[in-house]
Amino acid sequence: MGSYAFQRCLSLVSATISNSIGRIEEGTFYCCESLTSITIPNSAWHIGAYAFYGCTNLKDLTFGQKIAVIEESAFKECPSLTTVNSIRKTFYGEAMSFSSEAFDIKTYTEATLRIPKGSLAEYQSLPCWKEFWDIVEVDDFEDNGVITNYYVNARYDFNQGSVTINGVSGTNATIKANEKIEFEIIPFAGYEIDKIDLNGIDITADIINGKYTIASANEDITLEVTFKIQTFALTLKCCEVGSFEMRIKYGETATCKINPSANWTISSVTFNGRDVTGELTNNVFTTPAITCDSELNVVFADINTSVYMSNSTRNVIVSASRQTILIKGLEENTLVEVFNTNGNLYYSTVTNDDELNVSATEGGVYVIKVGERTFKVVL
């Protein structure tokens, strides 16, 4: 953290220092008068001169497990400082540099220094620490209010989705030891989750409804989320060729040319249940932008039988979608018969209305006879 980076940020009430910071340089939080509490993370080993000088409302201060250098005046002019915690248990075998001028005389004489149990002799042998008049050994820092923080980082493409950490959108957060962490991964329209790594381990299969929970934080966390463009199935149903499926990316269109066999013509074309026959140009149809699994269904009419058709069946249109055959333009007392591919009669009725819906099995091929006219359809 750079020298004097936050100097005189007079309204700065709290600051979270990530567990990847090694050095807090000279004057970083110089005269940040509103700061009340600071935890130096386990990664930080160096506190520069005047780093927290003039933080007049600073009451609680905690040093992490790697603290090795505290330069002069780092915490001077901090008259409200009443508790200093140092969770490092031993300094044995490392080069140390602790300035006796790091704190004011008032802090040395009035504040309480809390240290791990069994480390009193070592603290009393080192500059700076030995200046404190009131030194207390603590059995368990967490039971006594000193809680280690962990850094949570979420990496993802902001243009493709978002990630929340405990309900807050963003890329990072600081979590207390043993606190629950809840991630929610939200792809934007047109995208879906491709892969999710947690500290380098693939946890994609463990994501439930876009959510993942860590019951108890015990280390720094990096969540890497990769999104991908969604693709959807466009199923083309046409009894002349059966049906086949093509994959279309979210938002793209598909252009289909319909070529009836000899002696057949197009009766109707439906897209996701909507009649689009009138939108054909030279038997070509272009879909709207695909945003879900879709279906294009073509119904053919027999030209030969059309030659003999009466006025009662001239305006009949047969269309199909999913599990329904829809017949329009009927006149009263018209015989309607539906046969399956084996030639067996599937459905028969004499109409008394101008429209008829016939439920059928999806995936089946059917021949529909309406009076003297013949149609073919695949559901």
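Coordinates for the structure precede this section.
Residues numbered from 1 in each chain as written. Predicted model: local features only at pLDDT ≥ 70, side-chain atom pairs only at ≥ 80, totals over all residues. Heavy atoms only, no water.

Below, the discussion takes up the overall build of the protein. Counting secondary structure elements, the protein contains 3 helices and 32 strands. For the protein, whose C-alpha radius of gyration is 38 Å, the value lies well above the compact-globule estimate of 21 Å for 379 residues. When its C-alpha atoms are laid out on the principal axes, the protein stretches across 110 × 35 × 35 Å. Burial statistics for the protein: of 379 residues in total, 43% are counted as buried. Taking as baseline every contact in the protein between residues at least 6 positions apart, the subset at least 24 positions apart corresponds to 54%. In the structure as shown, the protein presents an accessible area of about 18800 Å², 45% of it carried by carbon and sulfur atoms. Separation of charge centres in the protein, based on 28 positive and 47 negative side chains, amounts to 3 Å. (Helix = DSSP H or I, 4+ residues; strand = E, 2+ residues; numbered from the N terminus. Rg over C-alpha atoms; globule rule 2.2 N^0.38 Å. Buried < 20%, exposed > 50% of the residue type's maximum accessible area, 1.4 Å probe, protein only. Contact = heavy atoms within 4.5 Å. Areas by Shrake-Rupley, 256 points an atom, 1.4 Å probe, with all protein chains shown as cover. Lys, Arg positive; Asp, Glu negative; His and termini not counted. Charge placed at Lys NZ, Arg CZ, Asp CG, Glu CD.)

What follows deals with the sheet that holds strand S2 (residues 37-39). The pairing of strands in a sheet comes from backbone hydrogen bonds and takes either a parallel or an antiparallel form. Pairing within the open sheet is parallel, and its 5 strands lie in the order S2-S4-S6-S8-S9. With one partner strand each, in any of the chains shown, S2 and strand S9 (134-138) form the two edges of the open sheet. Sheet twist, expressed as the mean angle between neighbouring strand axes with direction ignored, is 15°. In terms of strand pairing, strand S8 (residues 112-116) meets S9 through 5 bridges, oriented parallel. In the sheet register, Arg114 faces S9, and the bridge partner there is Val136. (Pairing = 2+ DSSP bridges. Axes fitted to C-alpha atoms, helices over the stretch in contact; angles between N-to-C directions.)

This brings us to the pattern of salt bridges. Within the structure shown, the criterion is met by 8 salt bridges. We note a salt bridge from Glu110 to Lys106, for which the minimum N-O separation is 3.0 Å. Here the residue Glu110 and the residue Lys106 both occupy positions in helix H1 (residues 105-110), the gap between them amounting to 4 residues, near one helical turn. Overall, the relative accessible area of 54% leaves Glu110 in the exposed class. A salt bridge links Asp197 to Lys195, with the shortest nitrogen-to-oxygen separation between them at 3.8 Å. (Salt bridge = Lys/Arg side-chain N within 4 Å of Asp/Glu carboxyl O.)

A few words now on the environment of Ala68. Structurally, Ala68 can be placed in the loop between strand S4 (60-63) and strand S5 (69-70). Under the relative-accessibility criterion, Ala68 is labelled buried at 6%. Taking the C-alpha atoms as reference points, Ala68 and Arg88, separated by 20 residues in sequence, lie 9.6 Å from one another. Among all residues touching Ala68, those that are not within four sequence positions of it are Trp45, Arg88, Ala95, Met96, Ser97 and Phe98.

To continue, consider the pairing of strand S29 (residues 345-350). With 5 bridges joining them, strand S28 (residues 335-340) and S29 adopt antiparallel strand pairing. Pairing of Val336 across the sheet is with Thr349, part of S29. The loop that links S28 with its antiparallel partner S29 comprises 4 residues; one of these, Gly343, has a positive phi angle of about 85°.

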